[in-house]
Structure formats: structure tokens, C-alpha cells
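# Chain and residue survey
Spelled out, the chains give:
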Amino acid sequence: MAEADHKILSAEIKLGSQYYFYMETQTALAVPDEDNCIVVYSSIQAPEYAESTISRCLGIPEHNVCVITRRVGGGFGGKAMKAIPVATACALAAYNLRRPVWMYMNRKTDMKTTGGRHPMEVTYNVGFKEDGKITALHLDILINAGIGTDISPIIPLFMVGAIKKYDWGAFSFDIKVCRTNHSSKSAMRGPGEVQGTFISEAVIEHVASVLSMDVDSVRSKNLHTFNSLDFFY
């Protein structure tokens with residue numbers, strides 16, 4: 001930061017959440033089978049996770065649980081982890097009643113429970129030269145994870161990978177994943193990478209605005225070289 005001709009201090013970015021709006025809401029059909037087995041048809045993107053959860057819930061071996069996904073009906077990440085509770089509840093009912101059970105969420109319930117993309121609050125300090133070359137960037141990021149863990153602990157990893165697309169010079173960050181009283185947030189189309197890309201471009205555009213430069217010129221000025229790629233990665 002000491003090498004900078006100009007500085008932008010305590011600038012803020014607020015990123016909201018986003019709902020999936022897949023065509024079909026969360027749904028599952030569970031059918032009891034012979035020999036203490038159960039077959040679950042679920043619109044899930046990760047059937048292996050549903051299989052292990054259902055196995056633990058019912059107290060039966062995993063090889064007694066068959067999870068079939070014929071079609072997802074639109075997912076975008078919303079049917080990776082969030083489909084598991086519906087599939088498991090459906091399986092539990094079918095297992096205890098010894099008859100087929102079909103469950104689905106109406107759109108209102110689905111929107112309340114699936115969470116969506118992680119909202120974030122970002123504060124950044126950036127130093128840059130007169131020609132647009134950025135010399136230092138520090139980010140303070142608060143991630144709203146909601147009430148449950150889900151995939152939230154790995155969101156910072158994806159974010160940093162996306163932010164490092166430019167050579168920021170001296171780059172530092174403090175990312176906190178925050179538990180709140182909101183619905184648990186989950187994976188959604190490039191989780192973390194979308195927010196990281198937005199933050200990167202917002203910083204570049206802010207620098208270009210301060211210097212009254214063409215934004216593509218500032219982007220070009222801060223693209224990686226072989227040496228910077230070797231250092232960043």
C-alpha cells in the first residue's frame with residue numbers, strides 16, 4: 001500500500017441472496033422393498049449423500065438403500081444438499097408405514113427452506129498507481145451462512161480462487177463465515193466464484209472511475225504475468 005499513488009479506503013459492497021427458481025420444487029417418492037430395503041426416487045443432484053443420510057436415519061446398511069434420480073427438474077445447486085431432508089423424511093415415512101410415500105414442497109415452503117446463494121458484506125482497501133496498476137488490496141468479507149453449515153465452510157476457498165484472477169500486488173483478506181438466524185444457504189451456480197468475480201470487477205471499475213480511465217485498460221494493466229501467476233498460485 002505504501003507504493004500507491006492513490007488509495008481507496010473502506011469502500012463497501014453488499015451482495016444479496018438469490019433463489020433457484022427451478023421448474024420442479026423439492027420432491028421424492030419412497031417405496032419399501034423386500035429384505036429390509038427401500039428405494040427412493042429423488043430429484044437430487046447428489047444421490048450418494050441422500051443414500052448415506054437415509055441409511056443412518058433408518059438404521060439400515062447403505063447397501064439396503066437405493067436412491068434413483070431419473071431427472072432433476074432444474075437444480076442449479078439447490079438440489080444438492082437441500083434435497084436430502086425431503087428424501088430422508090419421505091423414506092422414514094415409507095419405511096415405518098410399509099407403503100409408498102410421495103412428498104413434494106409447494107413453492108412458498110421451498111423458498112423458505114432452500115436458502116439460496118450466500119449474501120455477503122465486503123469492505124475493501126485498494127492502493128494503485130497513476131497508470132492504473134494496483135499495488136495492494138485488502139478485503140474484509142462477512143458471509144451470511146444462515147442457521148446451518150451446509151457447504152458454507154468451503155465458500156471462502158472458491159471466492160479466493162476467483163478473486164486471484166488479477167495481479168493485486170500485495171493481496172490480503174479476512175473472510176468470516178457467519179452463523180445467523182436466516183435459512184441455511186447452499187450451493188448455487190458457481191458458489192463463491194460468482195461473488196468473488198463480482199468483487200474483483202467492482203474493485204477494478206472503482207479504480208478506473210477514480211482515475212477516469214477506460215476500465216478495460218485497468219483490467220489489462222492488472223492481468224497476471226508468468227511470475228505473478230507463479231507467486232499467486
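### Quick notes on the overall build of the protein
In terms of regular secondary structure, the protein is built from seven helices and eight strands. Taking 233 residues into account, the globule formula puts the C-alpha radius of gyration at 17 Å, and the protein, at 23 Å, lies well above it. Across its three principal directions, the C-alpha atoms of the protein cover 75 × 35 × 25 Å. Scored against the burial criterion, the 233 residues of the protein give a buried share of 48%. Excluding contacts between residues fewer than 6 apart, the proportion of contacts in the protein whose partners are at least 24 apart in sequence is 79%. One finds the centroid of the 23 positive side-chain charges in the protein at a distance of 8 Å from the centroid of its 24 negative side-chain charges.

### Comments concerning the environment of P100
Looking at the secondary structure, you find P100 in the loop between helix 2 (84-97) and strand 5 (101-104). Sequence separation of P100 and V39 is 61 residues, and the distance between their C-alpha atoms is 9.5 Å. Ignoring any residue separated from it by four or fewer positions in sequence, one finds P100 in contact with A30, V31 and P32.

### Quick notes on the sheet that holds strand 1 (residues 6-15)
Two orientations exist for strands paired in a sheet by backbone hydrogen bonds: parallel and antiparallel. Strand order in the open sheet formed by four strands is 1-6-7-8, with mixed pairing between adjacent strands. If you trace the sheet from one side to the other, it starts and ends with strand 1 and strand 8 (170-179), each paired once. Direction aside, neighbouring strands of the sheet carry axes that sit 10° apart on average. The strands that helix 5 (residues 193-211) touches are strand 1, strand 6 (120-128) and strand 7 (134-146); relative to strand 1, the one it contacts most, it runs at about 140°.

### Description of the environment of W102
Among the secondary structure elements, W102 is positioned in strand 5. Owing to a relative accessible area of 59%, W102 belongs among the exposed residues under this scheme. Expressed as a C-alpha distance, the spacing of W102 and R56, which sit 46 residues apart in the sequence, is 20 Å. Sequence-distant contacts of W102, that is, excluding residues within four places in its chain, are made with T27, A28, L29 and C90. Among the polar contacts made by the side chain of W102, one reaches the side chain of T27 at a distance of 3.1 Å.

### A look at a nonpolar patch on the surface
A surface patch of nonpolar side chains, amounting to about 370 Å² of accessible area, comprises L29, W102 and Y104. Assignment of secondary structure puts L29 in strand 2 (residues 27-33).

### A few points about helix 2
Between the first and last C-alpha of helix 2 there are 20 Å, a value that for 14 residues agrees with the 20 Å anticipated at 1.5 Å per step. Within the span of helix 2, buried status applies to I84, V86, A87, T88, C90, A91, A94 and Y95. Against the buried residues of helix 2 lie strand 2, strand 3 (37-42), helix 1 (47-58) and strand 5. Positive backbone phi, approximately 55°, marks R98, located one or two places after helix 2.

### Regarding the sheet that holds strand 3
Taking strand neighbours across the sheet as the criterion, the four strands line up as 4-3-2-5 in an open arrangement whose pairing is mixed. Only two strands of the sheet have a single partner each, and these edge strands are strand 4 (65-68) and strand 5. Adjacent strand axes in the sheet meet at a mean angle of 15°, parallel and antiparallel pairs treated alike. For strand 2 and strand 5, the ladder comprises four bridges, and the chain directions are antiparallel. Of the residues in strand 5, the one forming a bridge with A28 is M103. Its contacts with the sheet put helix 1 on strand 3 and strand 4, and the angle it makes with strand 4 is roughly 145°.

About the criteria used
Residues numbered from 1 in each chain as written. Predicted model: local features only at pLDDT ≥ 70, side-chain atom pairs only at ≥ 80, totals over all residues. Heavy atoms only, no water. Helix = DSSP H or I, 4+ residues; strand = E, 2+ residues; numbered from the N terminus. Rg over C-alpha atoms; globule rule 2.2 N^0.38 Å. Buried < 20%, exposed > 50% of the residue type's maximum accessible area, 1.4 Å probe, protein only. Contact = heavy atoms within 4.5 Å. Lys, Arg positive; Asp, Glu negative; His and termini not counted. Charge placed at Lys NZ, Arg CZ, Asp CG, Glu CD. Pairing = 2+ DSSP bridges. Axes fitted to C-alpha atoms, helices over the stretch in contact; angles between N-to-C directions. Polar contact = N/O pair within 3.5 Å; in protein donor to acceptor, adjacent residues only side chain to side chain. Patch = residues over 30% accessible without salt bridge, like charges linked within 9 Å, V, L, I, M, F, W, Y side chains within 5 Å. Areas by Shrake-Rupley, 256 points an atom, 1.4 Å probe, with all protein chains shown as cover. Salt bridge = Lys/Arg side-chain N within 4 Å of Asp/Glu carboxyl O. Expected span 1.5 Å × (residues − 1).

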